Amino acid sequence: MDAAYYLPLPAPSDDGYEYFQPTSSTLSVWASHLQHGGPPTALLVRSLSALVAGRSGGFSRITTDILGAVGLDVNRVRAQVIRPGKKISVIGAELDVRQPDGSFRTAARASAWFLDGPSTASIEHSPLPPLTPLPPDIATQVGFPDDEAVGVKWGTVGFIGATETGRVPGRNGANPATWIRPALPLVDGEPTSDLVSAFIVIDVANGVGTQLDPREWSWMNTDTTVHLSRPPRGQWIGLDTDLAIGPDGYGATFGDLYDADGLFGRSAQTVLLAGQ
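Summary of the structure given here. (Residues numbered from 1 in each chain as written. Predicted model: local features only at pLDDT ≥ 70, side-chain atom pairs only at ≥ 80, totals over all residues. Heavy atoms only, no water.)

Enumeration over the complete set of coordinates arrives at five aromatic pairs. Consider the rings of Phe59 and Phe114, whose centres lie 5.2 Å apart with planes at 75°: the pair is edge-to-face. Note that Phe59 is positioned in strand β3 (residues 58-66) and Phe114 in strand β6 (residues 104-115), a separation of 55 residues in sequence. Residues Phe59 and Phe114 agree in their burial class; the two are buried. Within the aromatic cluster, the residues linked to one another by ring pairs are Tyr17, Tyr19 and Phe104. Over the face of the ring belonging to Tyr17 we find Arg76, whose NZ or CZ atom lies 4.0 Å from the ring centre. Taking the ring centre of Phe104 as reference, the NZ or CZ of Arg76 above it sits at 4.2 Å. (Phe/Tyr/Trp six-rings, centres within 6.5 Å; stacked < 30°, edge-to-face > 60°. Helix = DSSP H or I, 4+ residues; strand = E, 2+ residues; numbered from the N terminus. Buried < 20%, exposed > 50% of the residue type's maximum accessible area, 1.4 Å probe, protein only. Lys NZ or Arg CZ within 6 Å of the ring centre and 35° of its normal.)

Looking at the secondary structure, you find Leu134 in the loop between β6 and β7 (141-142). Overall, the relative accessible area of 25% leaves Leu134 in the partly exposed class. Expressed as a C-alpha distance, the spacing of Leu134 and Ala260, which sit 126 residues apart in the sequence, is 6.6 Å. Not counting the four nearest positions on each side in its chain, Leu134 is found in contact with Trp179 and Ala260. (Contact = heavy atoms within 4.5 Å.)

In this structure, Leu34 sits in the loop between β2 (18-22) and α1 (38-51). For Leu34 and Asp73, which are 39 residues apart along the polypeptide, the C-alpha to C-alpha distance reads 9.8 Å.

A word on the pattern of salt bridges. Tallied over the entire structure, the rule returns ten salt bridges. Between Asp259 and Arg230 there is a salt bridge, with the nearest N and O atoms lying 2.8 Å from each other. Taken together, the residues span a long stretch of sequence, with Asp259 in strand β13 (residues 250-259) and Arg230 in the loop between β11 (223-228) and β12 (237-245) at a distance of 29 residues. You'll find Asp259 and Arg230 in the same group, each marked buried. Close ionic contact of Arg266 with Asp256 constitutes a salt bridge, the shortest N to O distance being 2.7 Å. Remark: Asp256 occurs in strand β13 and Arg266 occurs in strand β14 (residues 262-275); sequence separation between them is ten residues. (Salt bridge = Lys/Arg side-chain N within 4 Å of Asp/Glu carboxyl O.)

Considered as a void within the structure, the largest pocket measures approximately 790 Å³ in volume. Around the largest pocket sit 30 residues that line it, and Thr120, Leu228, Ser229, Arg230 and Pro231 are the ones nearest its centre. The element contributing the most residues to the lining of the largest pocket is β14, with five residues. For the lining of the largest pocket, the residue count by class is 13 nonpolar, eleven polar and six charged. Looking at the second largest pocket, its volume works out to about 450 Å³. Taken together, 24 residues line the second largest pocket, and the ones lying closest to its centre are Trp30, Gly37, Ile66, Met220 and Asn221. Every element with two or more residues in the lining of the second largest pocket is listed here: α3 (205-208) and β10 (217-221). The class makeup of the residues in the lining of the second largest pocket is 14 nonpolar, nine polar and one charged. (1 Å grid on protein atoms, 1.4 Å probe; cavity = no way out; pocket = protein on both sides within 12 Å on 5 of 7 lines; lining within 4 Å. Points joined across faces, edges and corners; volume = space filled by probe spheres on them. Nonpolar A, V, L, I, M, F, W, Y, C, P; charged D, E, K, R; others polar.)

Below, the structure written as structure tokens:
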């Protein structure tokens, strides 16, 4: 197994970018020349987080738009403050992929609301009870090997093989809910924060929320939006999701997101459907 999803590279110039080499553990299940959506999203969130390091407050909403194929050549990431403010800020980041001619193309963008309000611990509320059983109390495995309880059997190749998963009864849709955690650090040689770790795997919500057969259909998401009521805690993330399909070739995957302490957010992903 690789040491991490990305290997850090020295910056060729003082241009404000960080440079990374994706490893084989970022590989998508849809095509051998693409990265899965999770690691690039997490790389963007890592960059967003660095801009607000040391500040009180937290991210209330993070949206990633996938603008094109996120390839396996060198990736570079840079973040900036779009809307500065003491209580309300908007932070943005871009991920570029090196092309065969040496130029870079922007493949993904992220934007996030960063809020700093008063303490609300005395009125904290969750609309749903925690997702149980918890990972220590269930059988877990590498990736998604064949299991008749799940509509999609993604196997253990590439990114999926660099995750650990387990299944429990869900509340949304026909599939069970999935506990999942990354098996690797995002960047070699550095710890991965709980927030960044969550975004490594949240993109999987689109894959586990349907009974569609990937031999007959593809349903790739073009974006992922996560609304957070608090930061996630720990490496295990619970995904309880369902895919809504409209009549015109697109739909949306909606998910409830849990950690060991309970619900911490919800995700939504726009989905383009196509027959195989």
